[in-house]
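# Structural characterization, general
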Amino acid sequence: MKLPQLSVFLENRPGSLAEPLRLLADARINLVSISLADTEQFGILRLVLKDWQAAKNVLERDGWVVNVSDVVAVDVPDEPGGLVGMLDLLAAEGVNIEYMYAFCLRRNGRAVLIFRFEDPDAAIATLARVKLAVVADNELF
Amino acid sequence: MTENRILDREECLPRADLAALQLERLRAVVERVAQVPFYRDAFALRGVSAKSLHGLDDVRRLPFTTKEDLRRHAPLGFLTVPRDKLARIHGSSGTTGRPTFVAYSPADLQLWANLCARFLVAGGLRPEHTAQVAFGYGLFTGGFGLHYGIERVGATVVPAASGNTRRQIELMQDLGSEVLICTPSYALTIAETARELGIDPRTLPLKFAHFGGEPWTEAMRAQIEAELDILAFNNYGLSEVIGPGVSGECAARAGMHLQEDHFLVECLDPDSLEPVPEGEPGELVVTALTKEAMPLLRYRTRDIARIWREPCACGRTTARMSRVTGRTDDMLIIRGVNVYPSQIEEALLRVEGTTPHYLIEVDRPDIRDELTIRVEVLPELMSDRMDQMQKLRERIGREVLTVTGIRAAVELAAPRTLERFAGKAKRVNDKRRLSD
Ligand SMILES: [Zn+2]
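Residues numbered from 1 in each chain as written. Chains lettered and ligands numbered in written order. Predicted model: local features only at pLDDT ≥ 70, side-chain atom pairs only at ≥ 80, totals over all residues. Heavy atoms only, no water.

This paragraph deals with the sheet that holds strand β8 (residues 243-249) of chain B. Residues and elements named next belong to chain B. A sheet is described by the order of its strands in space; here nine strands give the open sequence β4-β3-β5-β6-β7-β8-β9-β14-β13, paired in mixed fashion. Every other strand in the sheet has two partners, leaving β4 (156-158) and β13 (307-308) as the edge strands with one partner each. Two strands pair when backbone bridges link them, and strand β3 (residues 130-133) and strand β5 (residues 179-182) are joined in this way by three bridges, in the parallel orientation. Bridging across to β5, V133 finds its partner in I181. Strands in contact with helix α5 (residues 141-153) are β3, β4, β5 and β8; relative to β8, the strand with the most contacts, it is inclined by about 60°. (Pairing = 2+ DSSP bridges. Helix = DSSP H or I, 4+ residues; strand = E, 2+ residues; numbered from the N terminus. Contact = heavy atoms within 4.5 Å. Axes fitted to C-alpha atoms, helices over the stretch in contact; angles between N-to-C directions.)

See the structure below:
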């Protein structure tokens with residue numbers, strides 16, 4: 001299933017990463033996953049969390065620009081070649097990945113990865129068809 | 001110091017004779033522009049005519065002409081000759097993406113070449129010299145204006161046009177160019193590029209340079225003269241009036257001689273529109289006395305400078321003006337190109353969601369002007385995808401280039417940052433130090 005992901009615009013300056021995270025900490029909002037994409041001029045902080053609506057409100061109230069997009073959590077065997085095998089499958093099925101990053105969570109010898117697909121719904125259908133495990137939100141939060 | 005040479009007798013008229021000539025020419029031009037609807041209506045409203053002008057002070061009874069007026073009567077609503085009598089049309093950037101146009105008759109082109117020849121001769125150009133024009137040739141008046149001025153002097157012109165600095169240096173070396181025509185900052189680029197190529201810029205054949213097209217300082221003059229081992233001269237003009245040739249420095253290099261037999265120049269307080277005391281800074285307001293195709297009355301240049309009429313050591317009797325020390329509007333000159341913030345706003349309006357929060361930053365970290373547009377990221381612009389965000393930057397940069405002709409760095413900013421830097425009203429942060 002799809003998970004909401006928050007993307008926060010960051011300027012590239014000292015302290016800009018800590019500020020939104022401190023806001024969430026002060027609001028006692030827990031993060032499940034965090035990833036940062038950056039250029040020399042700006043960055044995009046991507047967060048997956050249970051209370052995403054509350055987190056969005058807290059950030060926006062403080063003036064942060066927040067975008068909500070759907071990502072898909074998939075778990076793969078936590079062993080050499082585990083990810084490659086999965087990427088091969090997705091490529092063979094013609095599923096476009098915009099970006100991906102690893103989740104902080106490992107369980108039962110499996111690693112959880114977050115994917116931003118061009119078309120999340122189609123990708124989930126494909127994953128089910130090729131029998132790749134999509135992780136549900138109640139398993140993550 | 002340069003040998004003192006004066007091209008035309010009119011540069012040295014006794015002041016009383018000059019004033020008589022100006023008044024005669026003012027009446028003639030007022031007579032001629034009365035056929036332009038804009039002036040005809042303004043004259044009727046003010047009850048003025050050529051006959052009612054009794055002295056030069058009466059110029060103050062005439063209407064002003066502004067860039068906005070030119071735009072409102074675009075493209076060529078100020079012509080005093082039939083369209084088929086035009087020899088050339090130039091343009092300059094307007095406050096929107098469209099240029100404003102200026103038209104020249106064959107006689108205007110002769111006049112223009114002669115006005116440029118006057119200051120070129122005053123600044124050392126001789127018939128035996130080779131002069132390299134590194135200005136753009138195009139709608140912009142710099143390239144063509146100086147080109148024909150050099151030919152009028154009888155010197156050899158190398159129309160190198162702007163850009164390709166390495167080739168500029170090769171041309172200088174191969175053809176022995178003694179005179180360089182460009183923007184002052186481009187002269188520094190040439191010196192820097194020469195050094196990168198292992199050439200001592202002082203060994204280039206250059207002896208003189210005539211600079212215009214952008215504001216510069218005495219500190220820059222000293223730097224350019226030392227780096228290239230040349231004498232650098234300043235000249236001034238604007239396309240709406242004629243182009244380069246309104247004024248230029250003589251060998252004394254103590255102010256630029258205004259070509260008063262062809263231009264009646266006022267220096268006014270931009271708020272009260274009353275004349276400032278002699279020698280005080282004010283807005284230059286120029287009436288073209290002798291242009292044929294499109295003479296403008298009291299054109300508000302928006303340029304701030306000082307004017308004084310003390311006799312000059314060179315023997316010219318014409319008034320002199322200082323460097324342009326500022327603008328009364330928000331026009332910026334970036335790498336020699338006129339840019340209005342409203343043009344940037346127009347470019348941003350083409351990209352959904354980018355206005356109204358932006359800041360224009362201009363800086364000159366070394367010798368080159370840099371334009372940076374900082375745009376606040378609004379929620380509708382925010383994407384989780386880096387490629388989308390980069391595309392947004394590129395798109396803004398492309399639109400700014402299309403409208404202004406200037407390549408700009410685009411920075412995405414968090415909403416609060418621009419507020420903190422600039423407040424709501426301020427759109428421009430010019431960090432260059434250009435007024436000394
Ligand atoms: Zn002089």
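Don't stop here, the text continues.
All right, on to the environment of B:A122 then. Mapped onto the secondary structure, B:A122 falls in helix α4 (residues 106-122). For the pair B:A122 and B:G248, spaced 126 residues apart in sequence, the C-alpha to C-alpha distance is 8.0 Å.

Two side chains carrying opposite charge are able to pair once their charged atoms lie near each other. Under the counting rule described, the total for this entry stands at 43 salt bridges over all chains. Linking A:R13 and A:E11 is a salt bridge whose minimum nitrogen-to-oxygen distance equals 3.5 Å. Classification of A:R13 by relative accessible area gives partly exposed; the value is 27%. The shortest N-O distance in the salt bridge between B:R364 and B:D369 comes to 2.5 Å. With relative accessibility at 1%, the residue B:D369 sits in the buried group. Three or more residues joined by partner-sharing salt bridges are found here, namely A:E11, A:R13, A:E19, B:R374 and B:E411. (Salt bridge = Lys/Arg side-chain N within 4 Å of Asp/Glu carboxyl O. Buried < 20%, exposed > 50% of the residue type's maximum accessible area, 1.4 Å probe, protein only.)

Right, let's get into the nonpolar core. Residue and element names in this part refer to chain B. Within the largest apolar cluster, 69 residues are counted, with the highest numbers of intra-cluster contacts made by L26, V30, Y39, L62, I150, F263 and M294. No other element matches the nine residues that α4 contributes to this core. Not counting residues up to four positions away in its chain, the partners in contact with M294 are L70, L76, F78, L79, T80, F101, V102, A103 and D108. Counting 33 residues, the second-largest nonpolar core is a separate cluster that includes L371, M386, I396 and L412. (Core = buried A, V, L, I, M, F, W, Y, C linked by side-chain atoms within 4.5 Å.)

Below, the discussion takes up a nonpolar patch on the surface. Among the surface-exposed residues, A:L17, A:L31, A:I34 and A:L36 lie close enough to one another that they form a single nonpolar patch of about 290 Å² accessible area. Along the chain, A:I34 falls in strand β2 (residues 31-38). (Patch = residues over 30% accessible without salt bridge, like charges linked within 9 Å, V, L, I, M, F, W, Y side chains within 5 Å. Areas by Shrake-Rupley, 256 points an atom, 1.4 Å probe, with all protein chains shown as cover.)

Next up on the list: the coordination of the zinc ion. Residues and elements named next belong to chain B. Distances from the zinc ion to its protein donors, C250 (SG), H257 (NE2), C312 (SG) and C314 (SG), fall within 2.1 to 2.2 Å. Metal-centred angles of 102 to 116° between the four donor atoms at the zinc ion mark the site as tetrahedral. Donor residues for the zinc ion, ordered by position in the chain, follow C-x6-H-x54-C-x1-C. On the criterion of sequence distance, the pair formed by C250 in the loop between β8 and β9 (256-258) and C314 in the loop between β13 and β14 (320-321) is long-range, its members being 64 residues apart. (Donors = N, O, S within 2.8 Å, 3.2 Å for Na, K, Ca; no water. Tetrahedral: all angles 85-135°; square planar, octahedral: opposite > 155°, others 65-115°.)

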